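Tertiary structure, described
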Amino acid sequence: MVYSIICIIGVLGWSIVSYNTLISKRNKAEEAFSSIDIMFKKRTELIPRLVRTVKGYMTHERETLMEITKLRAQILNKNDNADQKVRLENEMDIRLGKLSIAMEAYPDLKSSENFLHLQASLNEVEEQLSAARRAYNAAINSFNNSVEMFPSNLVAKMMGYSKKVLFEINKAERQAPKISFKE
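The shown structure was predicted, so the numbers you read here are calculated from the model rather than taken from an experiment. (Residues numbered from 1 in each chain as written. Predicted model: local features only at pLDDT ≥ 70, side-chain atom pairs only at ≥ 80, totals over all residues. Heavy atoms only, no water.)

**Considerations on the nonpolar core**
Within the largest apolar cluster, 29 residues are counted, with the highest numbers of intra-cluster contacts made by I36, M92 and Y136. Breaking this core down by element, the ones donating at least two residues are α1 (2–55), α2 (62–77), α3 (82–103) and α5 (113–148). The greatest single-element share of this core, amounting to 10 residues, is contributed by α1. Core analysis: the second largest hydrophobic core is formed by seven residues, F143, V147, A156 and Y161 among them. (Core = buried A, V, L, I, M, F, W, Y, C linked by side-chain atoms within 4.5 Å. Buried < 20%, exposed > 50% of the residue type's maximum accessible area, 1.4 Å probe, protein only. Helix = DSSP H or I, 4+ residues; strand = E, 2+ residues; numbered from the N terminus.)

**Some remarks on the side chain of N153**
Mapped onto the fold, N153 is located in helix α6 (residues 152–159). Apart from residues no more than four positions distant in its own chain, N153 is found in contact with S146, V147 and E148. (Contact = heavy atoms within 4.5 Å.)

**Side note on unusual backbone geometry**
Put simply, F150 and P151 share a cis peptide bond, and its omega is 5°. Mapped onto the elements, P151 comes out in the loop between α5 and α6.

**Re the pattern of salt bridges**
As enumerated under the stated definition, the model contains 11 salt bridges in all. Notably, a salt bridge pairs E45 with K41, separated by 2.6 Å at the nearest N-O pair. One end of the pair, E45, and the other, K41, are both in helix α1, four residues apart, so they sit about a helical turn from each other. Classification of E45 by relative accessible area gives partly exposed; the value is 42%. Three or more residues joined by partner-sharing salt bridges are found here, namely R43, E89, D93, E126 and R133. (Salt bridge = Lys/Arg side-chain N within 4 Å of Asp/Glu carboxyl O.)

**Remarks on α6**
Regarding α6, the residues found buried are S152, N153, V155 and A156. Projected down its long axis, α6 shows its buried positions confined to an angular sector of 160°, all on one face. Exposed side chains of α6 directed beyond 90 degrees from the buried face belong to K157 and M158. In the segment just after α6, G160 is the residue with positive phi, at about 80°. (Arc of directions from axis to C-beta.)

**What about the confidence of the model for the protein?**
When pLDDT is averaged along the protein, the result is 79, and 80% of the positions lie at 70 or above. In this model, residues 179–183 is a region of pLDDT below 50 whose contacts with residues beyond four sequence positions or in other chains number zero contacts. (pLDDT = per-residue confidence, 0-100.)

**Points about the packing of α5 against α6**
Where α5 contacts α6, the axes come no closer than 6 Å and their chain directions differ by 95°. Here α6 runs roughly perpendicular to α5, going by the angle between their axes. Residues S146, V147 and E148 of α5 pack against S152, N153 and A156 of α6. Its residues assigned to classes, the contact of α5 with α6 comprises two nonpolar, three polar and one charged. (Axes fitted to C-alpha atoms, helices over the stretch in contact; angles between N-to-C directions. Parallel < 35°, antiparallel > 145°, perpendicular 65-115°, else oblique. Nonpolar A, V, L, I, M, F, W, Y, C, P; charged D, E, K, R; others polar.)

In structure tokens form, the structure reads like this:
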């Protein structure tokens, strides 16, 4: 009888600790995403100013500008979950990378003071986003481990928790850049 009570108390204690740990990790992941969301908003607010500045110089890259503008509108209009926002923001990273490459062909643009200021602001935001993504991925990794590892996965299943999506770079960004000294 005493052993049964001890076992029940032990299982109950373990359940409470597991539950609280999962809640704590979920909240940490949400906090980390909130930091990223703030940086996304800052970047999203910079994009129209950058696009207006660049439009005057770029005639052939209108498609890239249109894609960025369209994607920005999707990001602003969506009240999606964190996973959907991660996917949209990953797509924005790809588009902004294309824009940076295209801008290299415009020497007048690169010397524009307004453009240089906007580019520096965007670079700063991107650095802050990078740091926030690392913190987010660490929080998500901890959460995902708890959701998948035994025995906490039992409590996670009862709570309806499942793995969350990590921020990842696209395959093209994983490749080493090709550097050429030819003009």
